[in-house]
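Residue-level structural notes
Each chain, letter by letter, is given below.
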Amino acid sequence: MAAVQALDHFGPLAENAVPDLIWFFKDSANNNRPAFGFWSGQALGALARIAPRDLRVIALACEALQSQPSSTGLGQSPLRSFAVDSLVIIAQSNNSVISVLIAALEKSGIDFDDVLADSSRDPARFNLPLSGNPGLTLPDRRREPAMLSQDELVALQRRFQEQNEQITFSTQIIRALGQIGPKTPEVIPAIVAALKSRHNGIRLAAVAALGIMGAAGAETVPVLLEVFAETQKPNS
């Protein structure tokens, strides 16, 4: 790993190492152990800095963006997270990858409200905190012993966790688009669309992304004022 980090610092000067780094990336990415996801992500980041215009590197980053969260229950896929960061680096030399990030954001745009609606239950009854996330809740079976079976509880908890991972992924992409935005204002519509999310974390990420853009995002001032007005309403 120390060698990969050193090559990363060399940037384009380490161009001869690209084939070896691609091999290391693929070898690590095919291993399901969490540590290997981190190692493959490190290799991908190094490739993005060394050869951002290399079509092989771009293809690997786009493929990694589609990787799924770990089945071990550890949550967000480290490789998917590294892919977002790598595509931000690549976008500085090849802005065609911006459409890939926007498409991934649109694909991941699901709110927790949808899970509750699908459960066909009253959201007000959901009052037990989920493990590891006190902001999410499940039904209190001590009060409603016949409301949900154990299998239904497990399935609902799994869906909440999946949604949480998707929202974490969405906010990372939004922040990435904000970093790209000052030089590529065409990302603004995707960020503005995120302002309309029902999930507070996604809205906050969109506001922060527009702030990062500075003057390039000035055209969104009216929309931001609308968002601010909404937050001043009772129960917002």
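Predicted model only: the values in this text are computed from it and were never measured.

Considering the overall build of the chain
In terms of regular secondary structure, the chain is built from 11 helices and two strands. Expressed as a percentage of the 236 residues in the chain, the buried residues total 44%. Expressed as a percentage of contacts within the chain between residues at least 6 apart in sequence, the contacts between residues at least 24 apart total 60%. Accessible surface, the chain as shown: approximately 13000 Å² in total, 54% of it carbon and sulfur.

Section: helix H2 (residues 18-29)
In a regular helix each residue adds 1.5 Å, so 12 residues correspond to 16 Å; H2 covers 16 Å between its end C-alpha atoms and thus fits that length. Those residues of H2 lying buried are Val 18, Leu 21, Ile 22, Phe 25 and Ser 28. On an axial view of H2, the arc spanned by its buried residues comes to 135°, and they lie on one face. Those residues of H2 that are exposed and aimed more than 90 degrees away from the buried face are Asp 20 and Trp 23.

With respect to the packing of aromatic side chains
Within this structure, the stated rule accounts for one aromatic pair. Sitting over the ring of Phe 169, Arg 80 keeps its end group 3.9 Å from the ring centre.

Re the packing of helix H6 (residues 98-108) against helix H8 (residues 150-180)
Packing of H6 against H8 leaves a shortest axis separation of 9 Å and a crossing angle of 150°. The orientation of H6 relative to H8 falls into the category roughly antiparallel. Once H6 is placed against H8, the crossing between them reads as left-handed. Taking contact as the criterion, the partners of Ile 98, Leu 101, Ile 102, Ala 104, Leu 105 and Ser 108 in H6 are, on H8, Gln 166, Phe 169, Ser 170, Ile 173, Ile 174, Leu 177 and Ile 180.

Looking at the packing of helix H5 (residues 78-91) against H8
Packing of H5 against H8 brings their axes to within 10 Å, and their N-to-C directions diverge by 15°. In this view, H5 runs roughly parallel relative to H8, as classed from their interaxial angle. The interaxial crossing formed by H5 with H8 has right-handed handedness. Between H5 and H8, the contacting residues are Arg 80, Ser 81, Val 84, Asp 85, Val 88 and Ala 91 on the first element and Glu 165, Gln 166, Phe 169, Gln 172, Ile 173, Ala 176, Gln 179 and Ile 180 on the second. Grouping the amino acids of the contact of H5 with H8 by side-chain chemistry returns seven nonpolar, four polar and three charged.

Some details on the environment of Val 4
In this structure, Val 4 sits in helix H1 (residues 2-10). Its relative accessible area of 8% is what places Val 4 among the buried residues. Along the backbone, Val 4 and Gln 42 are 38 residues apart, and their C-alpha atoms lie at a distance of 7.2 Å.

Comments concerning the side chain of Ser 86
With respect to the secondary-structure elements, Ser 86 resides in helix H5. With relative accessibility at 1%, the residue Ser 86 sits in the buried group. Beyond its immediate stretch of four places on either side in the chain, Ser 86 contacts Leu 44, Gly 45 and Ala 48.

With respect to the confidence of the model for the chain
For the chain, mean pLDDT is 77; residues scoring 70 or higher make up 75% of the total. This model gives residues 71-75 a pLDDT under 50, and the stretch forms four contacts once residues within four places in sequence are excluded. The model gives residues 110-146 a pLDDT under 50, and that stretch makes 72 contacts with residues more than four places away or in other chains.

Focus: the environment of Ala 91
Tracing the backbone shows Ala 91 in helix H5. As a C-alpha pair, Ala 91 and Ala 48 span 43 residues in sequence and 9.6 Å in three-dimensional space. For Ala 91, the contacting residues outside a window of four places in its chain are Val 97, Ile 98 and Ile 180.

Parameters and conventions
- Residues numbered from 1 in each chain as written.
- Predicted model: local features only at pLDDT ≥ 70, side-chain atom pairs only at ≥ 80, totals over all residues.
- Heavy atoms only, no water.
- Helix = DSSP H or I, 4+ residues; strand = E, 2+ residues; numbered from the N terminus.
- Buried < 20%, exposed > 50% of the residue type's maximum accessible area, 1.4 Å probe, protein only.
- Contact = heavy atoms within 4.5 Å.
- Areas by Shrake-Rupley, 256 points an atom, 1.4 Å probe, with all protein chains shown as cover.
- Expected span 1.5 Å × (residues − 1).
- Arc of directions from axis to C-beta.
- Phe/Tyr/Trp six-rings, centres within 6.5 Å; stacked < 30°, edge-to-face > 60°.
- Lys NZ or Arg CZ within 6 Å of the ring centre and 35° of its normal.
- Axes fitted to C-alpha atoms, helices over the stretch in contact; angles between N-to-C directions.
- Parallel < 35°, antiparallel > 145°, perpendicular 65-115°, else oblique.
- Left-handed = near helix turned anticlockwise from the far one by under 90°.
- Nonpolar A, V, L, I, M, F, W, Y, C, P; charged D, E, K, R; others polar.
- pLDDT = per-residue confidence, 0-100.

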